[in-house]
Amino acid sequence: MTRIFLHVGDHKTGTSTIQSALSTRQRSEDANLKAVYYPTSGRKERMAHHNLFWAMTNDFRFEPDAGHWPDVRKDIEEVAPDTAILSSEAFESFNDLPRLRAMIDTHLAPLGPVKIILYVRPHFDRLRSAFSQKMKTGQITGSIEEFVEDAIARKTLVSYASRMERRRSAIG
């Protein structure tokens, strides 16, 4: 039986560092894949399992040859590790939680217990980091004050408790 950890974000909480470390370890010749396994299905050449999210949202970036939920299950079954880790911060914004629960129940739970990991970041740090990232990519042009006011008014980026409770209720 394999313990499975599904790391679902949040953005800007070190997820890329975690994914890079897992991906690098996975490629190491002396990696003990039976101990901790980071499936290549669902991520192909990427560090994260975004393809699983993209498949569920019909995103144009979905690549069938990169693997989907059934491929991840097969991948884990073939290796039969003690622990498997899947990671995509893209799930932070996924709100069809019953559908995610169904994917977990169908493709992961038969392999062993599944635990969801969700990292969060202190509100101010999260807002500052998100603002910087959006400025760099040209997604916003206003001031940080305007960005923070908008985030608070729309309850985006700062609604940890309610978002986590919805996920806990739906996913466990």
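My aim in this report is to walk through the structure given alongside it, one point at a time.

Calculation criteria
- Residues numbered from 1 in each chain as written.
- Predicted model: local features only at pLDDT ≥ 70, side-chain atom pairs only at ≥ 80, totals over all residues.
- Heavy atoms only, no water.
- Phe/Tyr/Trp six-rings, centres within 6.5 Å; stacked < 30°, edge-to-face > 60°.
- Helix = DSSP H or I, 4+ residues; strand = E, 2+ residues; numbered from the N terminus.
- Buried < 20%, exposed > 50% of the residue type's maximum accessible area, 1.4 Å probe, protein only.
- Core = buried A, V, L, I, M, F, W, Y, C linked by side-chain atoms within 4.5 Å.
- Contact = heavy atoms within 4.5 Å.

Some points on the packing of aromatic side chains
Note on aromatic pairs: each is described by the distance of the centres and the angle between the planes. A complete count under the given rule lists three aromatic pairs for this structure. Ring geometry for F53 against F91: centres 5.5 Å apart, planes inclined by 80°, an arrangement best described as edge-to-face. Here F91 lies in the loop between β3 (83-87) and α4 (97-108) and F53 lies in helix α2 (residues 50-56), a separation of 38 residues in the sequence. Note on F91: relative accessible area 3%, which makes it buried. Ring pairing ties together the aromatic residues F53, W69 and F91, which thus form one cluster.

Thoughts on the nonpolar core
Judged by nonpolar contacts, the single largest core of 20 residues is most densely connected at M56, W69, I76, F91, L100 and L108. Of all the secondary-structure elements, those providing two or more residues to this core are β1 (3-7), α2, α3 (69-79), β3 and α4. Not counting the four nearest positions on each side in its chain, W69 is found in contact with L52, M56, F91, L100, M103, H107 and L108. By size, the runner-up hydrophobic cluster in this structure holds five residues, among which are L127, A130, F131 and A151.

On their own, these measurements won't tell you what the molecule is for.
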